[in-house]
Amino acid sequence: MTVLLDIAFWALGLVAVLAGAAVFYVDSMARATYALALSFIAVGLQVLFLQQNYVGVVTILMMVMEMAIMAVYMVMFMGMNPALMPMSMVHDHRAALGVAAATFLGLAAGILVVDWPERRGSPPPDVTVALGEALMGEKMLVMAVISPVMVATIVAGVVLAAHRTRYDRFGDNLKRRPADDPQAGGVGR
Amino acid sequence: MAEPMPMPRSGATDSTIVTVAPGWAVVAVAILGALVVAAAALDGALSARASGEGGGGSGGVARPFGEAARLMRQRRRTTVEADSLLWRAGGGGLLITAVLMVTVIPLGEWTVFDLDVGVMWFNAMDVLVWALVWLTGWGPNSAHSLVGGYRFLAHGLGYELPLMFALVAPAIAAESLNVGEVAAAQEGLWFAVWMPVAFLVYLLGVVAFSVWGPFSPALGTDIAGGARAELAGVDRLVFETGRYALLAAGAAFAVPMFLGGGAGPLLPTWAWVLVKTAAVLAVLVWLRRRVPAFRPDKFMEVGWMVLIPAVLLQDLVVAVVMVGRS
């Protein structure tokens, strides 16, 4: 059984790497996007093998959703409508290959050269809780304060980026109801 | 590295969920298949009644069988410059997604996959539908079909967050993401009773990720069938089966989450799960003709301005009740 799980774990790793490489090999936006999604799904399943079930499932959830949205934006915003015709997914071929190979060799050398520590003690019953404690722990207050600031930043960014203001919507004295929108909403604001 | 994977369960295991041998997954798939056939037969009967035909005889119940036979004999359609790999993955993926959803749903005391984060698993699977429907629209290199794919994503932006927050409410009340423990936490009072907003939003989400009823503009006749415009023959059969299977899986998941799982008098627990699932599924099939289509552009605002605040308030109420109890 353990051998089977080992094989499955390494096979998923292989899928993750190959699908990640396919992102740059394929010639279509949709295929590149979903090759990346497949790579993330394989990684998420590998995380399940590390008994970080929550982290693994959330990885799959978030990444698939993100890729579904990313495909839309790629098709929408790339110039010359390349999404609808074959296009290369790489820029500056030679340099990119060199940098990628050097990075890979560097990281792989790191894995082999570093003196990995021996395990002390045994893993806690719930490794997800342990990971959360290790990552956040006493920094929880900081994170709790930062998150509303981040949300406010996102909202402010959207408000600044939108070319229509409330005066466009509600008129100069902000009294016009319902608002004058190019695309009417569903609740009649 | 990859050690054997005992599923750690949070807290004491007070629920009596038994993980069955993997071979029993075949039975789970068979039950899902039976629900699909029943739902399609009910839809056929309701269609026949709505169009005023078939006073006697089968009355449309046999319609899905005839339709399946017709599609099996029909030639598959191919289009110019189609991305067949992504197209077929999208159309066939719906059925696989529904099967993966069903694995974490306990049938009374048995379950195929007793995952400690089963609720998240279900959520991750329903997000897969975003990708699959869009791919079905993208694959055939056809304008109408692509418009359908985008319409589904537009709906998705409106329904997915309310659905996620609706799933949070039972998990808070049960203090667990394990589906069996959520079902066991409803001793005496079903979550559907004291968190009705979450229950209704959940059902809306099920209808939405099945591209069903009010959420079917992605397959609308105004765009020549939308995402399924170019699907013919067995591809169309698999796609339609996948939609029914998602509807059935969503109805089945409502039982442990909101309807007390296998709790009920006289009958054994597994029978109650099936009875409740069939009842929810029948309501969802029936609703198809009763609710008008939600336009994707307008529904977005409904989702964000009405559903998200409503379901967040529901979560707050549940959280306050739980803090008060402890």
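Here the structure is a predicted model, which means the values were calculated and not measured. (Residues numbered from 1 in each chain as written. Chains lettered and ligands numbered in written order. Predicted model: local features only at pLDDT ≥ 70, side-chain atom pairs only at ≥ 80, totals over all residues. Heavy atoms only, no water.)

Asker: For this particular structure, what's the right way to read the overall build of chain B?
Answerer: Helices and strands together make up the secondary structure of chain B, namely 11 helices and two strands. Secondary structure elements of chain B occur, N-terminal to C-terminal, as β-α-α-α-β-α-α-α-α-α-α-α-α. Taken over C-alpha atoms, the radius of gyration comes to 20 Å for chain B, in line with the 20 Å a tight globule of 326 residues would show. C-alpha extents for chain B along the principal axes are approximately 60 × 55 × 40 Å. Residues counted as buried form 53% of the 326 residues belonging to chain B. Long-range pairs, those at least 24 residues apart, make up 78% of the contacts in chain B between residues at least 6 apart in sequence. When the accessible area of chain B is evaluated, it comes to approximately 13600 Å², of which 68% is carbon and sulfur surface. In chain B, 20 positive and 22 negative side-chain charges are present, and the distance between their average locations comes to 14 Å. (Helix = DSSP H or I, 4+ residues; strand = E, 2+ residues; numbered from the N terminus. Rg over C-alpha atoms; globule rule 2.2 N^0.38 Å. Buried < 20%, exposed > 50% of the residue type's maximum accessible area, 1.4 Å probe, protein only. Contact = heavy atoms within 4.5 Å. Areas by Shrake-Rupley, 256 points an atom, 1.4 Å probe, with all protein chains shown as cover. Lys, Arg positive; Asp, Glu negative; His and termini not counted. Charge placed at Lys NZ, Arg CZ, Asp CG, Glu CD.)

Asker: Help me out: how do you make sense of the environment of Thr269(B) in this one?
Answerer: Residues and elements named next belong to chain B. As for its placement among the helices and strands, Thr269 is situated in helix H10 (residues 269–287). Assessed through its relative accessible area of 33%, Thr269 is described here as partly exposed. Considered as a pair, Thr269 and Glu109 are 160 residues apart in the sequence and their alpha carbons are 7.2 Å apart. Apart from residues no more than four positions distant in its own chain, Thr269 is found in contact with Gly108, Glu109 and Gly262.

Asker: Got a minute to help me understand the interface of chain B and chain A in this structure?
Answerer: How large an interface is tends to be reported as the accessible area lost when its parts come together. Contact residues are listed per partner, giving 38 residues for chain B and 35 residues for chain A. Summing the contributions of chain B and of chain A, the shared interface buries around 3400 Å²; its carbon and sulfur component is 74%. Applying the counting rule to chain B against chain A returns one salt bridge. Of the charged contacts, one joins Arg31(A) and Asp83(B) as a salt bridge, the two residues approaching to 2.6 Å between their closest N and O atoms. Our enumeration of links across chain B and chain A arrives at two residue pairs in polar contact (both at pLDDT 80 or more). Put simply, the parts of the chain that give the side of chain B that touches chain A at least two residues each are helix H3 (84–102), helix H4 (118–138), helix H5 (143–174) and helix H11 (296–325) of chain B. Tallying contributions element by element places H4(B) first for the side of chain B that touches chain A, with 11 residues. Of the residues assigned to the side of chain B that touches chain A, the class counts are 29 nonpolar, one polar and eight charged. (Buried area = accessible area lost by both parts, 1.4 Å probe. Salt bridge = Lys/Arg side-chain N within 4 Å of Asp/Glu carboxyl O. Polar contact = N/O pair within 3.5 Å; in protein donor to acceptor, adjacent residues only side chain to side chain. Nonpolar A, V, L, I, M, F, W, Y, C, P; charged D, E, K, R; others polar.)

Asker: Just checking my understanding: could you explain a nonpolar patch on the surface for this structure?
Answerer: Together, Val187(A), Leu157(B), Met300(B), Trp304(B), Met305(B) and Val306(B) line one region of the surface with nonpolar side chains, adding up to about 480 Å² of accessible area. Among the secondary structure elements, Val187(A) is positioned in the segment after helix H7 (166–170). Among the residues examined, Val187(A) registers a relative accessible area of 32% and is labelled partly exposed. (Patch = residues over 30% accessible without salt bridge, like charges linked within 9 Å, V, L, I, M, F, W, Y side chains within 5 Å.)

Asker: Quick question: what am I supposed to make of the domain arrangement of chain A here?
Answerer: Split by domain assignment, chain A resolves into domain 1 (1–86) and domain 2 (126–180). Using C-alpha coordinates to define each centre, domain 1 of chain A is positioned 28 Å away from domain 2 of chain A. (Domains from an automatic or database assignment.)

Asker: Explanation requested: the UniProt feature "transmembrane region" (unreviewed entry) in chain A in the structure shown.
Answerer: Residues and elements named next belong to chain A. Mapped onto this numbering, the UniProt entry gives "transmembrane region" (unreviewed entry) at residues 7–26, 33–49, 55–75, 95–114 and 140–162. As annotated, residues 33–49 comprises 100% helix and 0% strand, and the C-alpha atoms at either end are separated by 25 Å. Taken end to end, residues 140–162 comprises 96% helix and 0% strand; its first and last C-alpha atoms sit 33 Å apart. (UniProt positions renumbered as here; feature names shortened; annotations may be inferred.)

Asker: What is the right way to read the layout of surface pockets from this model?
Answerer: One water molecule sets the probe size; rolling that probe over the atoms shows where empty space is left. Approximately 2100 Å³ is the volume found for the largest pocket. Forming the walls of the largest pocket are 48 residues, and the residues nearest its centre are Val158(A), Leu157(B), Leu161(B), Met300(B) and Trp304(B). Residue assignment for the lining of the largest pocket shows that the elements contributing at least two residues are helix H3 (53–77) and helix H6 (140–161) of chain A together with H4, H5 and H11 of chain B. Broken down by element, the lining of the largest pocket gets its largest block of residues, 12 residues, from H5(B). Class assignment for the residues of the lining of the largest pocket results in 34 nonpolar, six polar and eight charged. Counting the residues that make up the lining of the largest pocket, at least three belong to each of domain 1 (1–86) and domain 2 (126–180) of chain A. (1 Å grid on protein atoms, 1.4 Å probe; cavity = no way out; pocket = protein on both sides within 12 Å on 5 of 7 lines; lining within 4 Å. Points joined across faces, edges and corners; volume = space filled by probe spheres on them.)

Asker: Explain the nonpolar core here, please?
Answerer: Generally speaking, a soluble globular protein has its nonpolar side chains buried in company with each other. Among the nonpolar cores identified, the biggest contains 105 residues, and Trp134(B), Tyr159(B), Met195(B), Tyr202(B), Phe209(B), Phe253(B) and Phe258(B) are the most heavily contacted of them. Here this core takes 16 residues from H4(B), the largest share from any one element. If we skip the residues at most four places from it in the chain, Tyr159(B) touches Trp130(B), Phe152(B), Gly205(B), Ala208(B), Phe209(B), Phe215(B) and Phe299(B). Residues Val26(A), Met29(A), Met74(A) and Met89(A) belong to the second largest nonpolar core, which totals seven residues. (Core = buried A, V, L, I, M, F, W, Y, C linked by side-chain atoms within 4.5 Å.)

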